[in-house]
Amino acid sequence: IALAPMLNDAGKLIGDFTVSRLSSRRYLLVGSGSMQQANMRWFRTLLPRDGSVKVENRSSVLAGLHIAGPNARALLARLTAADVSNEALPFHGVRTMEIGPCPEAIVIRVSYTGELGYELYMATEYQEALLLALLEAGRDLGLALCGTRALMSLRLEKGWPSFGLDVSGDYMPSETVLSRFVRYGKDDFIGKAPAVAAQRKRLSYRPALLALDRTGLPDDFADASGGESLFAAGEYAGYVTSGGFGPRTGLSLAMAYVQPDVAGN
């Protein structure tokens, strides 16, 4: 798989996907659920007239489950005869395999929590049965259900941005942490010229992950949630786009954009 930002003609970010190559002619794109209608409109404007490329929104026919944590590989191995070792399914690898009651699932080795993890995609009719099988198989491995709020906190610890919060159509890729996933030197792509030009300019703000030790702070201390202003030496220095408590680190975390002269302080 590849992590692939998507740009518009102005070079601004309008999407962020994992693109999995399932075969020589089939690819699975996974992006933000809230952006799917906008993404589909954009894709349709780009389809070749000869019908050589087809795009279909599979959100209603494919269901997903995500397992993550230090025992994720051991859990997956209990439900499949396929080889899920690091050599057979490395980070950013993708395989199709039988898992428990599901005869065919797309397994992507990637995790939004920042730990070892897998995204599993299967026909919707198998989701409940596979979830129950995972819960049973992981009973002695410390498996627990994780909600969206916990997921959003865990991704902060890794510094993963959230589309719509930390990155959006307001930003050029060079202004964000997604810049490293853009191959500026490749053949022409939509938005390349303005994106390359922006890369050469001095940034007004740089992305940063801020951490605050909560030790000694009052119990009613509120973590940042997004929209807060940042100050350095009494002067405005940037703004927070999202934040929360990091359960593994015990730190108060925030994704932010800060002025370059205070970015390292």
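All values derive from a computational prediction rather than experimental measurement. (Residues numbered from 1 in each chain as written. Predicted model: local features only at pLDDT ≥ 70, side-chain atom pairs only at ≥ 80, totals over all residues. Heavy atoms only, no water.)

Caption draft 1: Local environment of the overall build of the protein. Of regular secondary structure, the protein possesses 5 helices and 11 strands. Since a compact globule built from 265 residues should have a radius of gyration of about 18 Å, the 21 Å found for the protein is in line with a globular shape. Dimensions of the protein, computed from C-alpha atoms along their principal axes, come out at roughly 60 × 60 × 30 Å. Per-residue burial for the protein yields a buried fraction of 36% across its 265 residues. Of all intrachain contacts in the protein linking residues separated by at least 6 positions in sequence, the fraction that spans at least 24 positions is 54%. For the protein, the exposed area adds up to about 15300 Å²; of that, 51% sits on carbon and sulfur atoms. Charge separation in the protein, taken as the distance between the mean sites of 27 positive and 27 negative side-chain charges, equals 8 Å. (Helix = DSSP H or I, 4+ residues; strand = E, 2+ residues; numbered from the N terminus. Rg over C-alpha atoms; globule rule 2.2 N^0.38 Å. Buried < 20%, exposed > 50% of the residue type's maximum accessible area, 1.4 Å probe, protein only. Contact = heavy atoms within 4.5 Å. Areas by Shrake-Rupley, 256 points an atom, 1.4 Å probe, with all protein chains shown as cover. Lys, Arg positive; Asp, Glu negative; His and termini not counted. Charge placed at Lys NZ, Arg CZ, Asp CG, Glu CD.)

Caption draft 2: Expanded view of the environment of Arg109. With respect to the helices, strands and loops of the structure, Arg109 is situated in the loop between strand S6 (102-108) and strand S7 (117-123). We classify Arg109 as buried; its relative accessible area is 10%. On a C-alpha basis, the gap between Arg109 and Gly31 in space is 16 Å, while along the polypeptide they are 78 residues apart. Setting aside its immediate chain neighbours within four residues, Arg109 contacts Arg73, Asn86, Leu89, Pro90, Phe91, His92, Gly93, Leu116, Gly117 and Tyr118. In this structure the side chain of Arg109 is engaged in a polar contact, spanning 2.9 Å, whose partner is the backbone oxygen of Leu89. (Polar contact = N/O pair within 3.5 Å; in protein donor to acceptor, adjacent residues only side chain to side chain.)

Caption draft 3: Spotlight on helix H4 (residues 148-158). Listed in full, the buried residues belonging to H4 are Ser153, Leu154, Arg155 and Leu156. Just past H4, the residue Gly159 takes up positive phi, approximately 85°.

Caption draft 4: Region of interest: the nonpolar core. Ile99 and Leu120 are the most contacted members of the largest nonpolar core, which totals 21 residues. Mapped by element, the contributors of at least two residues to this core are strand S4 (62-68), helix H2 (72-77), strand S5 (94-99), S6, S7 and helix H3 (127-137). Here this core gets 4 residues from one element, more than from any other, and that element is H3. Those residues in contact with Leu120, other than ones at most four positions away along the chain, are Ala63, Gly64, Leu65, Leu76, Ile99, Ile106, Val107, Leu130 and Leu134. One finds Leu7, Leu178, Val182 and Tyr257 within the second-largest nonpolar core, a separate group that totals 11 residues. (Core = buried A, V, L, I, M, F, W, Y, C linked by side-chain atoms within 4.5 Å.)

Caption draft 5: Structural view of the pattern of salt bridges. This structure, assessed with the given rule, holds 6 salt bridges. We note a salt bridge from Arg139 to Glu136, for which the minimum N-O separation is 2.6 Å. We classify Arg139 as exposed; its relative accessible area is 62%. (Salt bridge = Lys/Arg side-chain N within 4 Å of Asp/Glu carboxyl O.)

Caption draft 6: Summary view of the packing of aromatic side chains. Considering all chains together, one arrives at 5 aromatic pairs under this definition. Ring geometry for Phe17 against Phe43: centres 5.9 Å apart, planes inclined by 40°, an arrangement best described as tilted. On the criterion of sequence distance, the pair formed by Phe17 in strand S2 (residues 13-21) and Phe43 in helix H1 (residues 36-46) is long-range, its members being 26 residues apart. Exposure class is identical for Phe17 and Phe43. Each is buried. With a centroid separation of 6.1 Å and 85° between ring planes, the pair formed by Phe231 and Tyr236 is classed as edge-to-face. We classify Tyr236 as partly exposed; its relative accessible area is 36%. Of the aromatic side chains, those joined through ring pairs into one cluster are Tyr171, Tyr205, Tyr239 and Tyr257. (Phe/Tyr/Trp six-rings, centres within 6.5 Å; stacked < 30°, edge-to-face > 60°.)

Caption draft 7: The sheet that holds strand S10 (residues 235-246), seen in detail. If you trace the 4 strands from one edge of the open sheet to the other, you get S8-S11-S10-S9, paired in antiparallel fashion. The open sheet has two free edges, formed respectively by strand S8 (206-213) and strand S9 (229-232), since each of these has just one partner strand. When the angles between neighbouring strand axes are averaged without regard to direction, this sheet yields 40°. Sheet topology note: the S9/S10 ladder contains 4 bridges and is antiparallel. The residue of S10 that forms the bridge with Ala232 is Glu235. In the packing of H4 onto the sheet, contacts are made with S8, S10 and strand S11 (251-258), and the angle to S10 comes to roughly 125°. (Pairing = 2+ DSSP bridges. Axes fitted to C-alpha atoms, helices over the stretch in contact; angles between N-to-C directions.)

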